[in-house]
Amino acid sequence: MPTVRLSFSPAPAHVRTARLVGVATARRAGVAEDLLEEIRLAIGEACSRAVALHRSVGLSQLVDVVMTDDDRFTVHVTDHAAGTEARAADPKNPDDFLAESPPQAPRTPDLLAEEAVVARMGLALLAGLVDDLEVASVPGGVGTEVRMSWPLMRMKAPDDDQWSPNRAK
Amino acid sequence: MELSMSTRVAGGCTVLTVGGEVDVYTAPRLRERLIDLFEQGSRRVVVDLSGVEFLDSTGLGVLVGALKRLRAASGALGLVCPHERLLKVFRITALDRVFSLYNTVEAATAATGTDNDTSA
């Protein structure tokens, strides 16, 4: 069950809204404070990517963001742009996805167009920020889904199950 | 927060002070301002990012574009970036090795205003 679901038209102005909602939801879910800045950046990059993909093919369909907080705080950002599914990689291997545009240190920035830098840096940021990152084709549909998750520090009730903070020492 | 920008001259450099969030929505305005400065003849430019709360890949792209323009014209670009929050973005993308980053405006203008080439 999604905790928060957000869909927005592919306008750059709405990416900030998605970041704000994402961070607020993460905080509410019990993500550690020191991860919130990474989450803000990662959601922004994933949404910027989706907006750019929709705009590149003139698609006005909404970008979908779904957040859940079961055992981890998980964010799914889904675009619906035709052609992007071909670039989705093995969901078990984000490196395949990154091969689309390898995030390497630009040794000669003079040779790089700004747009190429943005695409490359966006991927580099996502890969560098998010330990648990998957990009996959939308099942049975058109587009790609970026799935990212972060641990929760929320404690379960002590007698709720096998783990409690006092016994973890 | 909305993007804010102001320009002044210090230490032989044009200092562009930026505040707020630089993202996919606001970055085009930063790009326009940097192009305006270039077209008005500024070749030694310091962008003060001290007041920037958020910088994404779009903002990085704009800064790379400015660096490229200035270097092609034998100019120089220095970035004032004292906060870990933003430095991390430069490090993850390896752009900390491309840009000249400084802790203070004074350090940035001192280096950018004199060196022809501030690259390492």
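Attention here is on the structure that accompanies the text. Sequence positions are assigned chain by chain, starting from 1 and proceeding in written order. Chains and ligands are labelled sequentially in the order written, the chains with letters from A and the ligands with numbers from 1. Reporting in this predicted model follows two pLDDT cut-offs: at least 70 for local features of residues, and 80 or more for side-chain atom pairs to be given and counted; totals over whole chains, interfaces and linings ignore these cut-offs and use all residues. Water and hydrogen atoms play no part in the side-chain values, which are based on all heavy atoms of the structure.

### Quick look at the overall build of chain A
Alright, step 1. Put simply, DSSP H or I for four residues or longer makes a helix, DSSP E for two residues or longer makes a strand, and each gets a number counted from the N terminus. Per the secondary structure count, chain A includes 4 helices and 5 strands.
Alright, step 2. When the helices and strands of chain A are placed in sequence order, the string is β-α-α-β-β-α-α-β-β.
Alright, step 3. Across the 169 residues in chain A, those meeting the buried criterion constitute 47%.
Alright, step 4. In what follows, a contact means two residues having at least one pair of non-hydrogen atoms within 4.5 Å. Sequence-distant contacts in chain A: of pairs separated by 6 or more residues, those separated by 24 or more amount to 65%.
Alright, step 5. Summing over all exposed atoms, chain A offers an accessible surface of approximately 8600 Å²; the carbon and sulfur share of this is 53%. To sort residues, take the accessible area from a 1.4 Å probe on protein chains only and compare it with the maximum for the residue type: under 20% means buried, over 50% means exposed, and anything in between is partly exposed. Residue burial considers only the protein chains on display, and all accessible areas are found by Shrake-Rupley using a 1.4 Å probe.

### Looking at the nonpolar core
Alright, step 1. In these notes, a set of buried Ala, Val, Leu, Ile, Met, Phe, Trp, Tyr and Cys residues joined through side-chain atoms within 4.5 Å is what counts as a nonpolar core. By size, the foremost hydrophobic cluster in this structure holds 69 residues, and its most contacted members are A:Phe73, A:Met148 and B:Phe90.
Alright, step 2. Counting residues in hydrophobic clusters, the runner-up holds 9 residues, among them B:Val46, B:Val80, B:Tyr102 and B:Ala108.

### Topic: the sheet that holds strand 4 (residues 76-80) of chain B
Residue and element names in this part refer to chain B.
Alright, step 1. Taken in spatial order, the 5 strands of this open sheet run 1-2-3-4-5, and their pairing is mixed. The sheet terminates laterally at strand 1 (4-10) and strand 5 (100-102), the two strands that pair on one side only. If you compare each strand with its neighbour and ignore which way they point, the axes differ by 25 degrees on average.
Alright, step 2. Axis angles are defined between N-to-C directions and span 0 to 180 degrees, where every axis is a line fitted to C-alpha atoms and, for a helix, only to the segment in contact. Most of the contacts of helix 2 (residues 57-72) go to strand 4, to which it runs at about 150 degrees, and overall it touches strand 2 (13-22), strand 3 (44-55) and strand 4.
Alright, step 3. Strands in contact with helix 3 (residues 84-92) are strand 3, strand 4 and strand 5; relative to strand 3, the strand with the most contacts, it is inclined by about 110 degrees. At least two DSSP bridges between two strands are needed for those strands to be called paired.

### Topic: the interface of chain B and chain A
Alright, step 1. Across the contact, 29 residues belong to chain B and 26 residues belong to chain A.
Alright, step 2. Interface area for chain B against chain A, summed over the two sides, is near 2300 Å², with a carbon-plus-sulfur share of 63%.
Alright, step 3. Salt bridge criterion: a side-chain nitrogen from Lys or Arg within 4 Å of a carboxyl oxygen from Asp or Glu. Seen at the junction of chain B and chain A, the total is 5 salt bridges.
Alright, step 4. Between B:Glu21 and A:Arg40 there is a salt bridge, with the nearest N and O atoms lying 3.2 Å from each other.
Alright, step 5. Each polar contact in these results corresponds to two N or O atoms within 3.5 Å; when the atoms are within protein, one needs to be able to donate a hydrogen and the other to accept it, and residues that are neighboring in sequence are counted only if both atoms are side-chain atoms. At the boundary of chain B with chain A, the tally comes to 7 residue pairs in polar contact (both at pLDDT 80 or more). When two parts are put together, the accessible area they lose, computed with a 1.4 Å probe and summed over both, is reported as buried area.

### Brief notes about the sheet that holds strand 5 (residues 144-151) of chain A
Residue and element names in this part refer to chain A.
Alright, step 1. Strand order in the open sheet formed by 5 strands is 1-2-3-5-4, with antiparallel pairing between adjacent strands. The sheet is open, and its two edges are formed by strand 1 (4-8) and strand 4 (132-137), each paired on a single side. Each adjacent strand pair in this sheet contributes to an overall mean axis angle of 15 degrees, direction not counted.
Alright, step 2. Sheet topology places strand 4 next to strand 5; 6 bridges connect them, and they run antiparallel. Bridge pairing in strand 5 links Glu134 to Arg147.
Alright, step 3. Lying on the sheet, helix 1 (residues 12-29) is in contact with strand 1, strand 2 (63-69) and strand 3 (72-78); it crosses strand 1 at an angle near 175 degrees.
Alright, step 4. Where helix 2 (residues 36-56) meets the sheet, its contacts fall on strand 1, strand 2, strand 3, strand 4 and strand 5, and the angle it forms with strand 5 comes to roughly 175 degrees.

### Concerning the packing of helix 1 (residues 27-39) of chain B against helix 2 of chain B
Residue and element names in this part refer to chain B.
Alright, step 1. Relative to each other, helix 1 and helix 2 sit at 10 degrees, their axes nearing to 9 Å. Taken together, the axes of helix 1 and helix 2 lie roughly parallel to each other. Contacts between helix 1 and helix 2 involve Ala27, Leu30, Arg31, Leu34, Ile35 and Phe38 from the former and Thr58, Gly59, Val62, Ala66, Arg69 and Leu70 from the latter. Each angle gets one of four labels, with under 35 degrees taken as roughly parallel, over 145 as roughly antiparallel, 65 to 115 as roughly perpendicular, and the rest as oblique.

### Quick look at the packing of aromatic side chains
Alright, step 1. The pairing test for Phe, Tyr and Trp rings, Trp by its six-membered ring, is centres within 6.5 Å, and the orientation test on the planes gives stacked under 30 degrees, edge-to-face over 60, and tilted for anything in between. Counted by the stated rule, this structure contains 2 aromatic pairs over all chains.
Alright, step 2. Ring centres 5.7 Å apart and planes at 90 degrees place the aromatic pair B:Phe90 and B:Phe99 in the edge-to-face group. No difference in accessibility class separates B:Phe90 from B:Phe99, as the two residues are buried.
Alright, step 3. A ring is scored as having a charge over it whenever the NZ atom of a lysine or the CZ atom of an arginine sits within 6 Å of its centre and within 35 degrees of its normal. A cation over an aromatic ring shows up here: A:Arg19 above the ring of B:Phe54, its NZ or CZ 3.9 Å from the ring centre.
Alright, step 4. Over the face of the ring belonging to B:Phe38 we find B:Arg43, whose NZ or CZ atom lies 3.8 Å from the ring centre.

### A closer look at the pattern of salt bridges
Alright, step 1. Within the structure shown, the criterion is met by 12 salt bridges over all chains.
Alright, step 2. One salt bridge in this structure joins B:Glu84 and B:Arg91, with 2.3 Å as the shortest N-O distance.
Alright, step 3. On the basis of relative accessible area, B:Arg91 is assigned to the partly exposed category, the value being 42%.
Alright, step 4. A network of salt bridges, in which partner residues are shared, links A:Arg16, A:Arg19, A:Glu37, A:Arg40, B:Glu21 and B:Asp23.

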